[in-house]
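So the chains spell out like this:
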Protein chains: 2
Amino acid sequence: MAAAVVRGDGSLAGPRAVRPTPPQGGAETLWATVGAVLDDAVRAAPDDVAIAGVGAGCGGPMTWPAGAVSPLNIPGWRRFPLRARLQDRHPGLPVRLHNDAICLAVAEHWRGRGRGRGSLLGLVVSTGVGGGLVLGGRLIDGATGNAGHVGHVVVDPGGPDCACGGRGCLEAIAAGPRLARWAREQGWRPSDPEADARALADDARAGDAIAVAAYTRAGWALGVAIASAVSLLDVDAVVVGGGLSQAGPLLFEPLRAAYADHAGLDFAREVPIDPPLLGQEAGVVGAAALLLAGDAYWSAG
Amino acid sequence: MAAAVVRGDGSLAGPRAVRPTPPQGGAETLWATVGAVLDDAVRAAPDDVAIAGVGAGCGGPMTWPAGAVSPLNIPGWRRFPLRARLQDRHPGLPVRLHNDAICLAVAEHWRGRGRGRGSLLGLVVSTGVGGGLVLGGRLIDGATGNAGHVGHVVVDPGGPDCACGGRGCLEAIAAGPRLARWAREQGWRPSDPEADARALADDARAGDAIAVAAYTRAGWALGVAIASAVSLLDVDAVVVGGGLSQAGPLLFEPLRAAYADHAGLDFAREVPIDPPLLGQEAGVVGAAALLLAGDAYWSAG
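Each value, and the rule that gives it
- Residues numbered from 1 in each chain as written.
- Chains lettered and ligands numbered in written order.
- Predicted model: local features only at pLDDT ≥ 70, side-chain atom pairs only at ≥ 80, totals over all residues.
- Helix = DSSP H or I, 4+ residues; strand = E, 2+ residues; numbered from the N terminus.
- Rg over C-alpha atoms; globule rule 2.2 N^0.38 Å.
- Buried ≥ 20, exposed ≤ 12 C-beta atoms within 10 Å, placed from the backbone.
- Contact = placed C-beta atoms within 7 Å.
- Pairing = 2+ DSSP bridges.
- Axes fitted to C-alpha atoms, helices over the stretch in contact; angles between N-to-C directions.
- Nonpolar A, V, L, I, M, F, W, Y, C, P; charged D, E, K, R; others polar.
- Expected span 1.5 Å × (residues − 1).
- Domains from an automatic or database assignment.
- Parallel < 35°, antiparallel > 145°, perpendicular 65-115°, else oblique.
- Left-handed = near helix turned anticlockwise from the far one by under 90°.

## So, the overall build of chain A
Turning to step 1, where the next piece is worked out: Helix and strand counts for chain A stand at 10 helices and 11 strands.
Turning to step 2, where the next piece is worked out: Relative to the 2.2 N^0.38 estimate, which gives 19 Å for 301 residues, the radius of gyration of chain A is 19 Å and therefore close to what a compact globule would have.
Turning to step 3, where the next piece is worked out: Its C-alpha atoms give chain A principal-axis dimensions of about 55 × 45 × 35 Å.
Turning to step 4, where the next piece is worked out: Counting the 301 residues in chain A, one finds 55% classified as buried.
Turning to step 5, where the next piece is worked out: Put simply, 63% of the contacts in chain A that link residues at least 6 apart link residues at least 24 apart.

Shown next, in the form of structure tokens:
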């Protein structure tokens, strides 16, 4: 869990505070850690800083804008009223909460790759594939707060079943655990039986052919999905973040090749596709932008 | 070509005037027909109606918002300055022009299936597959005025080459001429060598197995593409119009089956997918809405 005091211009007023998410923590243990990391961040900021509000990002799914969260990777929170708790902790201050992938897209639009541009598609490729859309200068929330689910764009209609109930979704191919599983099915034999997509990237860099093929396949799926999304949305820029994006050219080269194969329309061809500019700060900067950028990134009450 | 005088509430003040597009007409012949159909529409409206502005829709591609049009099906217009000509013809009145598929989406959001809702995805399945997006209550134009190109969402990455330069796009499968070509390749032998997707629908209704398979394939492609788009956009409603939509259940049944197969996320499952409510009036109503709905459907100067 990470927190920081962010200034109106998007710079950090003090260092980012980080605490590990308590493994197997119950709802209140997790909440106590949120409080601790918030206190850390405020203590680390200059004394003369006045807190104007609380912005937060959390893994989905969540009810939005009510902000009851059930993050897939944090089983201790199921419909945990995170926004309401933050509001109780900070009476009188505005509190806004959104999906963490949306916070990345917002951060990159506000102060990163999309700065000064009208639109940006952001993807987070990690244990799942999430995303966020800024179009016409505003965050698109969708009818139910769920816009940006780029992980469920279909890239291979006859492809693997997806956890969503569909088939051939981007996430079913390019999410880290699916990538590692595919590599194992192809004969990848890492020394650590718990090895994940990060270890797979290490093996690919060391020349393991199956590991290279796994990243090539994930990059291909991302390139197809991004081609579909850019054709539909005519965005100025695309950012691909999350743990898997740290594989660099292993992922981005096949991604760009598949994009070039499938994005034929003139307006789509030259759209830049890059890793985030803000790096690890993107999460806290995007959460802060929910409040600090007027209502550009917040359409709810 | 069609024109009508549309009231502020979206109803027609007089009947819709229609004139055939002159085949092989040069740029000025075509423009003279525009003038004639506009005069027809004004003459058919009550005398006390005051014209507040001119809204227009035209096939793409076009420069936007400048409005120089090069409609694929009207070879006589290449970079024809349609918006500027309309402005010259109606000095002092606001003139707005957008893609005709966008006008359909706008009409259906303003006064059709999307009325009172925040968002709508509209598709026009005809000689091509176009579309338009209304999200968060506003038309999404995109970085270059090209948002809504749902015809270039990839539905079968190993599929047929597309005119855009890509591969496996929705349009490469579901556009009328591609559908008719596929049926011929499978052995469809219509009595009229010029027979098109409309004749193919007639044959399908008469029980021709190849014709039924062709519409099933087009419906499947539409269902996959709409599943991708709804997952990404979280819209309230989808409208599928254009000539092919008049095939009715031949197209909509396989479309809904493929959608159900691929749209697994809770928020996506119940999204209604229907033919337009406004029928043949959608084009003129949407063009009028560019002006009559404030700036909800117009972000440019």
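## Here's the deal with the sheet that holds strand β11 (residues 273-274) of chain A
Residues and elements named next belong to chain A.
Turning to step 1, where the next piece is worked out: As summarised here, the arrangement of the five strands in space is β9-β8-β7-β10-β11, forming an open sheet in which the pairing is mixed. The open sheet is flanked by β9 (138-139) and β11, the only strands paired with a single partner.
Turning to step 2, where the next piece is worked out: Along the sheet, helix α3 (residues 100-111) makes contact with β7 (120-125), β8 (129-135), β9 and β10 (238-241), crossing β8 at roughly 40°.

## Re the interface of chain B and chain A
Turning to step 1, where the next piece is worked out: The interface is formed by 42 residues belonging to chain B together with 42 residues belonging to chain A.
Turning to step 2, where the next piece is worked out: The set of elements that each furnish at least two residues to the side of chain B that touches chain A consists of α7 (209-233) and α8 (249-262) of chain B.
Turning to step 3, where the next piece is worked out: Classifying every residue of the side of chain B that touches chain A by side-chain character gives 20 nonpolar, 15 polar and seven charged.

## As for unusual backbone geometry
Turning to step 1, where the next piece is worked out: The omega angle of the peptide bond from Gly60(B) to Pro61(B) is 0°, so this bond is cis rather than trans.
Turning to step 2, where the next piece is worked out: Looking at the secondary structure, you find Pro61(B) in the loop between β3 (54-58) and β4 (68-69).
Turning to step 3, where the next piece is worked out: Positive phi values are uncommon outside glycine, yet Gln24(A) reaches one of about 55°.
Turning to step 4, where the next piece is worked out: Position of Gln24(A) among the secondary structure elements: in the loop between β2 (17-18) and α1 (27-44).
Turning to step 5, where the next piece is worked out: Phi at Asp234(A) is positive, roughly 50°, even though this residue is not glycine.

## Remarks on helix α5 (residues 176-185) of chain A
Turning to step 1, where the next piece is worked out: Listing the buried residues of α5(A) in full gives Gly176(A), Arg178(A), Leu179(A), Ala180(A), Trp182(A) and Ala183(A).
Turning to step 2, where the next piece is worked out: Directly beyond the C-terminal end of α5(A), a positive phi value near 110° is found at Gly187(A).

## As for the sheet that holds strand β8 (residues 129-135) of chain B
Residue and element names in this part refer to chain B.
Turning to step 1, where the next piece is worked out: Spatially, the five strands line up as an open sheet ordered β9-β8-β7-β10-β11, and their pairing is mixed. The open sheet terminates on both sides in strands that have one partner only, identified here as β9 (138-139) and β11 (273-274).
Turning to step 2, where the next piece is worked out: Pairing between strand β7 (residues 120-125) and strand β10 (residues 238-241): four bridges, direction parallel. Bridging across to β10, Leu123 finds its partner in Val240.
Turning to step 3, where the next piece is worked out: Lying on the sheet, helix α3 (residues 100-111) is in contact with β7, β8, β9 and β10; it crosses β8 at an angle near 40°.

## Observations regarding α8(B)
Turning to step 1, where the next piece is worked out: Here α8(B) is 14 residues long and its end C-alpha atoms lie 19 Å apart, about the 20 Å a rise of 1.5 Å per residue gives.
Turning to step 2, where the next piece is worked out: Close packing links the buried residues of α8(B) with α6 (197-205), α7 and β11 of chain B.

## Details of the domain arrangement of chain A
Residues and elements named next belong to chain A.
Turning to step 1, where the next piece is worked out: Each assigned domain of chain A is listed with its residue range as follows: domain 1 (2-99) and domain 2 (113-275).
Turning to step 2, where the next piece is worked out: Counting residues at the interface gives six residues for domain 1 and four residues for domain 2.
Turning to step 3, where the next piece is worked out: Its residues assigned to classes, the side of domain 1 that touches domain 2 shows three nonpolar, three polar and no charged.

## Some points on the packing of α7(B) against α8(B)
All names here are of chain B.
Turning to step 1, where the next piece is worked out: Running from N to C, α7 and α8 point in directions that differ by 40°, and their axes come no closer than 7 Å. Here α7 is positioned oblique relative to α8, judged by the angle of their axes. Judged by the sense of rotation from one axis to the other, the crossing of α7 with α8 is right-handed. Together, Tyr215, Thr216, Ala218, Gly219, Trp220, Leu222, Gly223, Val224, Ile226 and Ala227 of α7 and Leu250, Leu251, Phe252, Glu253, Pro254, Leu255, Arg256, Ala257, Ala258, Tyr259 and His262 of α8 make up the contact between the two elements.
Turning to step 2, where the next piece is worked out: Among the residues making up the contact of α7 with α8, the classes are represented as 15 nonpolar, four polar and two charged.

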